[in-house]
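Fold and geometry: a report
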There are 2 protein chains.
Amino acid sequence: MNEQVDPVIRARAVQAARGAAAFDLLLAGGTVVDVATGELRAADVGIVGTLIASVHPQGAREDAPAVEDVAGRFLAPGFIDSHLHYESSLMAPVDYASVVVPAGTTTCVWDPHELANVLGLDGVRWAIEVSRDLPLRTLIAAPSCVPSAPGLELAGAEIGAAEMTDMLRWPEVVGVAEVMDMPGVLRGTAHMRGIVGAGLASGKNVNGHARGMRDADLQAYATAGVTSDHEIVEAEDFLQKLRAGMTVELRGSHDYVLPGVLTALATLPLLPPNLVLCTDDVFPDELVAKGGLRDTISRVIARGVSPVAAIRMTTLHAAMRLKRDDLGLVAPGRQADIVVLSDLPSVAVERVVAAGRVVAREGRLLSTLPRPHGARDTPLAHVPRGTMKLSPQPREAFELRVGGAGRAKLRKVVGARYTSWGEVEVELRDGVVQIPRGHAAITMIHRHGRAPAVPRTCLADGWGAPRGAIATTIAHDSHNLLVLGRDPDDMQAAANALIACGGGMAVAERGQVTALLPLPIAGLLAETPAAETAAGFAKLREAADRVMEWQPPFRVFRGLTGISLACNPGPHPTDLGLTDGGTGEVFDPAETLDA
Amino acid sequence: MNEQVDPVIRARAVQAARGAAAFDLLLAGGTVVDVATGELRAADVGIVGTLIASVHPQGAREDAPAVEDVAGRFLAPGFIDSHLHYESSLMAPVDYASVVVPAGTTTCVWDPHELANVLGLDGVRWAIEVSRDLPLRTLIAAPSCVPSAPGLELAGAEIGAAEMTDMLRWPEVVGVAEVMDMPGVLRGTAHMRGIVGAGLASGKNVNGHARGMRDADLQAYATAGVTSDHEIVEAEDFLQKLRAGMTVELRGSHDYVLPGVLTALATLPLLPPNLVLCTDDVFPDELVAKGGLRDTISRVIARGVSPVAAIRMTTLHAAMRLKRDDLGLVAPGRQADIVVLSDLPSVAVERVVAAGRVVAREGRLLSTLPRPHGARDTPLAHVPRGTMKLSPQPREAFELRVGGAGRAKLRKVVGARYTSWGEVEVELRDGVVQIPRGHAAITMIHRHGRAPAVPRTCLADGWGAPRGAIATTIAHDSHNLLVLGRDPDDMQAAANALIACGGGMAVAERGQVTALLPLPIAGLLAETPAAETAAGFAKLREAADRVMEWQPPFRVFRGLTGISLACNPGPHPTDLGLTDGGTGEVFDPAETLDA
């Protein structure tokens, strides 16, 4: 639903458009990127309050107390990021906005999935509260998979149909966030029918996560009522999803997918209106360096899509997906969110107008946004710290004990992201498994206080043999404490550093912490400004690079935080054990197999 | 908002898509017109209940109790008519549906503007009741201009912001219907701000009527919150409206506009998603002969638009305008409304599937729809007859008396549709104006019983000198009794025939009625089946042709029923006198002017 505009402002805008009143702000001398018609048109833009009041011939009007000279510049609609998790940037909304708004993003659809997995509905409420009043319009998608693999993991909360119905009543919530429990949807479990059904009953969007889905399964998934997907892996599923009428939220976070997909797009007779862009997950240092969605748009253009078409996807198409006709165009009556570009193909953002005000120039916000997060007088205005409900762990927590002596055969996780089951024979000393050559150990510990904190350690093949340990409280999707390493001393040091600081990410070598990024908000988000968080994460990456002997192509942290994603098929370690999202099985990683 | 689908049907459709259950109906061997990608794709379509469950490779599935062989045929989404008035067809919804559904229209956005001007909100309620359960999905737009020219005419009812707010709460109502009071919107009258404001607050569409509007006025009209227009007159306003982000509802009822408009469309770099098709007003004989929207689509294609693009406009684009993602595509999870075409460029409709059932073949519905209109047990289930609140009129009612003798100078209406003011000297006999050579008289009489029935007779230049009289109770927009003629005997005969039969249209010559089409429902709609109504109207046209010496290019009845459209600038006769929508003036047509 469109934003309600103050009727007084609208009435004044109507009179200004007619010439019977002055504009508040005039953007003069620019070229409008008309994403409706595809034209580049010389035009001035008159703004009143938060509204575009008029788009008219250059020089026709001069009556405005403020005139912004945009001669030689392009005026594009504010960019809309159709699907993302602020949490991936490790930044609170205020800090996230400080980075992406100067890069042209004025609207985001935020699925606070990670916050919800730690804090439940309180996390979603906090997300709403702290993203109000930002120059970044934040629309909330209600997390649908908390936990994403029921029975295979224990998150900080559980969301069912009743909770979903609650959230969908909140005006800030624009739909059901990515429906990850694909098997549940296909099998038609009562749980997933309830959640999707709540979305359908609300009339709001039901967004998807159709990883690797195609053919009959894809048809079934769409028929269930899910109408979008961002998990494109190649040209074939991209085309199948467009043809199924799903809105494809093409993401920039997986650059290797773009060439094939955009080549396929070029073969289509018409530009599909159900194609939008999104960032999904961007780490803080990348975000600060490249600006998120702006970078995605420029890469889409570099792959041969015309600048106007690429910008249309992420503006008008996105607005249509959101069922809003007050966004997505530089046109009268729309929200005055405008990106001033000095160059079109490279998407060089020079200035940004949000809600009618020039808010950024040359990559910087013009005013500092108020901190700390959550100033409003609501039960949730406080910052949700203290989610690390775990005492310091002894060294033994990071050992894998099977009892007995000699040798034993155990299950192992093969691969870093697309995992498969394997077996390995190990040596035992006093009942403790000696991590085999070339292997790593992964310990998961429940940190939400909803069950005893029993450490579960398993063997992982595909990470090489770490020369230290990495610990993280970001561990999709339940965000329990995850520690990767070989030496229990290193693992203990990294883990206890996080337990002490309320969560975050840490690297340890030779029993000492070498890098620590505290994420005190829910163990997920930093409280530091964006640049500081980015720098801290870059240091963490360097420290991790020293520890890891092998770098997966998608980087250690993307792999590590995703290794516990139990909704995916194949083995995944969780706080409950070694699980398989394909079969629904849970194994004790210490269970020995017959030789 | 999307239609709610029975969860049991949806669950079965999901299992059918996966192959775990059979379809109810399979359309086998056809080519899907994929209006998302622009492709023509060989594919079979599996249907469960009212839903498309699966679109899959030809021959992949055969498990369905009913298989429809569509080899060599094209499968397009059901056509959506984005703006029309059933009343223009003189048919009740059941009869209208019997004509347009076999021609491929499965969804209509009906503005029951004429019913509302006679019956107020009761007319809208009746429209809703009698269009339920048809194979034609009827979405209601809430009439916004009742009357369309407040102060210049007296309609049967008045609709203000409170009534609009009421109607917008009804689930069948999808938005505010065409906002015709353009001056009111531009000047920002409290009345129009209230009505448009109700629409904006509801989150539903606010549809426009921006006749001749462009430049600053158009910007102001869009900024007021109106987001569509169907009153395109030429390429320039067409382009300006698309650029303003308004949804252009390009209509087939004004064929002469299409060439210029579609030539302009071809110059645009991208196909605007804010371009849809509509019929607006189609007379019954034309409707029966050509099928309405189908005819419009074929003419758009004949003017050079690709068939897939033309069909996209009237399916996917229309669905997006309606903010519905359950319509507009042959794709899984969408409503099973499918048009089977034997030829694409000519839009040759062979079969029609609506809500999952084959409902029409070879231009005919497969089953007769239940009559009479309004079978439900509601206060409005009765047919609204008896709206002719007027006694038989004496001959004198059709004379123009100014008093005195000799000669007098009077105002006159020049032109038949785009009218202008004129003056004429007339001869008087016993105070009665002798209609000058080449002129006609128009008498308007209030028929709604809301004021005394004072006949108002004026002089009209532009209709030639009628050899008889034509009377109609369809007289936009207040639908008072309108009689055109020269001889008071003829005019009396035609008028009293309508008063006797509860309204309609009549032609009289030499004091005798030569053709009569009763429209007992509100004085607007026939109760006869479509073919009978069409034949009756054709006879009326023939009788009128004998009476009229001059045929305006848009035909006598279109001109005649529109001559009283007081919201337009220039002179228009109403029940209150001679009015001017441009200046807001009302004159007594008997007022003599200085010589």
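Computed from a predicted structure; not experimentally measured.

Along chain A, the regular secondary structure elements total 16 helices and 32 strands. For chain A, whose C-alpha radius of gyration is 25 Å, the value lies close to the compact-globule estimate of 25 Å for 595 residues. A principal-axis box enclosing the C-alpha atoms of chain A has dimensions of 90 × 50 × 45 Å. Sorting the 595 residues of chain A into buried and exposed places 67% on the buried side. Contacts spanning at least 24 positions in sequence make up 69% of the contacts within chain A whose residues lie at least 6 apart. Across chain A, the 55 positively charged side chains and the 69 negatively charged ones have centroids separated by 2 Å.

In this section: the interface of chain A and chain B. Where interface size is given, it is often the accessible area lost as the parts come together that is meant. With 62 residues of chain A in contact, the opposing surface of chain B contributes 62 residues. For the pair chain A and chain B, the summed buried area comes to about 4700 Å², and 58% of that belongs to carbon and sulfur atoms. When the buried area of chain A at its contact with chain B is split by residue, T223, R243 and L270 of chain A rank highest and sum to 14% of it. Salt-bridge contacts for E39 of chain B lead to R243 of chain A; the nearest nitrogen and oxygen are separated by 2.7 Å. Taken together, the links from chain A to chain B amount to 24 residue pairs in polar contact (both at pLDDT 80 or more). Going through the elements one at a time, α1 (7-18), β5 (51-56), α6 (182-187), α7 (190-202), α8 (215-223), α9 (235-243) and α13 (307-321) of chain A are the ones with two or more residues in the side of chain A that touches chain B. No other element matches the 7 residues that α1 of chain A contributes to the side of chain A that touches chain B. A breakdown of the residues in the side of chain A that touches chain B according to their chemical character gives 32 nonpolar, 17 polar and 13 charged.

Attention shifts here to the confidence of the model for chain A. All names here are of chain A. Of all residues in chain A, 97% have pLDDT values of 70 or greater, and the mean over the chain is 95. Long-range and interchain partners of residues 374-380, a stretch whose pLDDT sits below 50, account for 11 contacts in this model, where long-range means more than four residues apart. Across the interface, the model reports ipTM at 0.94; the global pTM reads 0.95.

With that out of the way, let us pick up the relation of the copies chain A and chain B. Of the transformation superimposing chain A on chain B, the axial component is 0.0 Å and the angular component is 180°, with the fit at an RMSD of 0.1 Å. Here the copies are linked by what is in effect a two-fold axis. Rotation axis and chain A: the residue whose C-alpha lies nearest the axis is K323 of chain A, separated from it by 2.7 Å.

Let us look at the side chain of T247 of chain B. Residue and element names in this part refer to chain B. Structurally, T247 can be placed in strand β14 (residues 247-251). Among the residues examined, T247 registers a relative accessible area of 8% and is labelled buried. Contact partners of T247, with chain neighbours within four places excluded, come to T227, S228, D229, N274, V276 and R321.

What follows concerns the sheet that holds strand β13 (residues 228-229) of chain A. Strand pairing in a sheet relies on backbone hydrogen bonds. The paired strands run either parallel or antiparallel. Residue and element names in this part refer to chain A. With respect to topology, 3 strands assemble into an open sheet ordered β13-β14-β15, the strand pairing being parallel. With partners counted over all chains shown, the strands left at the sheet margins are β13 and β15 (275-278), one partner each. As defined by bridge partners, strand β14 (residues 247-251) adjoins β15 across 4 bridges and the pair is classed as parallel. Pairing of R251 across the sheet is with C278, part of β15.

Quick look at the packing of aromatic side chains now. The full count for this structure, using the stated rule, is 10 aromatic pairs over all chains. The interplanar angle of 20° and the centroid separation of 4.4 Å between the aromatic rings of Y86 of chain B and Y96 of chain B together place this pair among those described as stacked. Of this pair, Y86 of chain B sits in the loop between β8 (79-84) and α2 (93-100) while Y96 of chain B is found in helix α2, placing the two residues 10 residues apart along the sequence. The exposure class assigned to Y86 of chain B is buried, which follows from its relative accessible area of 0%. For Y96 of chain B, a relative accessible area of 3% translates into the label buried. Put simply, the rings of Y86, Y96 and W110 of chain A pair up and form one aromatic cluster. Of note, R411 of chain A hangs over the ring of F587 of chain A, and the distance from its end group to the ring centre comes to 3.7 Å.

It is worth spelling out the environment of H479 of chain A at this point. All names here are of chain A. If you trace the backbone, H479 turns up in the loop between β25 (469-472) and β26 (481-485). With 364 residues separating them along the chain, H479 and L115 place their C-alpha atoms 9.3 Å apart. Residues within four places of H479 in sequence aside, it is in contact with E114, N117, V118, R447, H448, T473, I474 and L524.

Another aspect to go through is the pattern of salt bridges. Residues and elements named next belong to chain A. A complete count under the given rule lists 82 salt bridges over all chains for this structure. The residue E3 makes a salt bridge to R137 at a minimum N-O spacing of 2.7 Å. Of the two residues, E3 sits in the segment before α1 while R137 sits in strand β10 (residues 137-142), which places them 134 residues apart along the sequence. Using a relative accessible area of 33% as the deciding quantity, one classes E3 as partly exposed. Overlapping salt bridges, with partners in common, bring together E3, R137, R324, D326 and D337 in one network.

Here we take up the sheet that holds strand β30 (residues 577-580) of chain A. All names here are of chain A. With respect to topology, 3 strands assemble into an open sheet ordered β29-β30-β31, the strand pairing being antiparallel. Both edges of this open sheet fall to β29 (571-574) and β31 (585-587), since each of them pairs with a single strand only. With strand direction ignored, the average angle separating the axes of adjacent strands in the sheet is 30°. As paired elements, β29 and β30 share 4 bridges and run antiparallel to each other. Of the residues in β30, the one forming a bridge with T574 is G577.

Residue and element names in this part refer to chain A. Those residues of helix α5 (residues 161-169) that sit buried are M164, M167 and L168. Mapping the buried residues of α5 onto a view down its axis gives an arc of 100°, with all of them on the same face. Across from the buried face of α5, at angles greater than 90 degrees, the exposed residues are A162 and R169. Considering only its buried residues, α5 is in contact with α4 (121-130), β10, β11 (173-179) and α7.

All names here are of chain A. Across the interface, α5 lies against α7 with an axial gap of 8 Å and an inter-helix angle of 25°. When the axes of α5 and α7 are compared, the pair comes out roughly parallel. Every pair of crossing elements has a handedness; the one defined by α5 and α7 is right-handed. On α7, the residues touching A161, M164, T165 and L168 of α5 are G194, I195, A198, G199 and S202. Residue classes in the contact of α5 with α7 are distributed as 5 nonpolar, 4 polar and no charged.

Taken together, V233, Y256 and Y418 of chain A make up a surface patch of nonpolar side chains, about 360 Å² in accessible area. Position of V233 of chain A relative to the elements: it lies in the loop between β13 and α9.

Turning next to unusual backbone geometry. H476 of chain A connects to D477 of chain A through a cis peptide bond whose omega is -10°. Relative to the helices and strands, D477 of chain A is located in the loop between β25 and β26. The phi dihedral of E362 of chain B is positive, around 50°, even though this residue is not glycine. Relative to the assigned elements, E362 of chain B resides in the loop between β18 (357-361) and β19 (364-365). Owing to a relative accessible area of 63%, E362 of chain B belongs among the exposed residues under this scheme. Of note in the backbone geometry, A522 of chain B takes a positive phi value of approximately 65° without being a glycine. Within the fold, A522 of chain B resides in the loop between β28 (512-518) and α15 (530-547).

Bringing the side chain of K241 of chain B into the picture now. Residue and element names in this part refer to chain B. Of note, K241 is situated in helix α9 (residues 235-243). When its relative accessible area of 0% is taken as the criterion, K241 is described as buried. Of note is the side chain of K241, whose polar atom sits 2.8 Å from the backbone oxygen of A210.

Another aspect to go through is the pairing of strand β15 (residues 275-278) of chain B. Of the two faces of β15 of chain B, the one holding L275 and L277 of chain B and the one holding V276 and C278 of chain B are both buried throughout. Assessed by its sense of winding, the connection that carries the chain from β14 of chain B through helix α10 (residues 258-266) of chain B to β15 of chain B is right-handed.

Residue pairs three or four apart in sequence face the same way in an α-helix, which turns once every 3.6 residues. Residue and element names in this part refer to chain A. If you check which residues of helix α10 (residues 258-266) are buried, you get L258, V261, L262, A264 and L265. Projected down its long axis, α10 carries its buried residues within an arc of 155°, all on one side. Set apart from the buried face of α10 by more than 90 degrees, the exposed residues are T263 and A266. Lining the buried residues of α10 we find α9, β14, β15, α12 (293-302) and α13.

Let's shift gears to the environment of T37 of chain A. Residue position: T37 of chain A is located in the loop between β2 (31-33) and β3 (40-42). Along the chain, T37 of chain A and V308 of chain A lie 271 residues apart, while their C-alpha atoms are 9.5 Å from each other. Apart from the residues lying within four places of it in its own chain, the contact partners of T37 of chain A are L242, R243, L268, P269, L270 and P272 of chain B. Of note is the side chain of T37 of chain A, whose polar atom sits 2.7 Å from the side chain of E39 of chain A.

Quick notes on the rules
Residues numbered from 1 in each chain as written. Chains lettered and ligands numbered in written order. Predicted model: local features only at pLDDT ≥ 70, side-chain atom pairs only at ≥ 80, totals over all residues. Heavy atoms only, no water. Helix = DSSP H or I, 4+ residues; strand = E, 2+ residues; numbered from the N terminus. Rg over C-alpha atoms; globule rule 2.2 N^0.38 Å. Buried < 20%, exposed > 50% of the residue type's maximum accessible area, 1.4 Å probe, protein only. Contact = heavy atoms within 4.5 Å. Lys, Arg positive; Asp, Glu negative; His and termini not counted. Charge placed at Lys NZ, Arg CZ, Asp CG, Glu CD. Buried area = accessible area lost by both parts, 1.4 Å probe. Salt bridge = Lys/Arg side-chain N within 4 Å of Asp/Glu carboxyl O. Polar contact = N/O pair within 3.5 Å; in protein donor to acceptor, adjacent residues only side chain to side chain. Nonpolar A, V, L, I, M, F, W, Y, C, P; charged D, E, K, R; others polar. pLDDT = per-residue confidence, 0-100. Least-squares fit on C-alpha atoms with pLDDT ≥ 70 in both. Pairing = 2+ DSSP bridges. Phe/Tyr/Trp six-rings, centres within 6.5 Å; stacked < 30°, edge-to-face > 60°. Lys NZ or Arg CZ within 6 Å of the ring centre and 35° of its normal. Axes fitted to C-alpha atoms, helices over the stretch in contact; angles between N-to-C directions. Arc of directions from axis to C-beta. Parallel < 35°, antiparallel > 145°, perpendicular 65-115°, else oblique. Left-handed = near helix turned anticlockwise from the far one by under 90°. Patch = residues over 30% accessible without salt bridge, like charges linked within 9 Å, V, L, I, M, F, W, Y side chains within 5 Å. Areas by Shrake-Rupley, 256 points an atom, 1.4 Å probe, with all protein chains shown as cover. Right-handed = clockwise from strand over helix to strand, strands pointing away.

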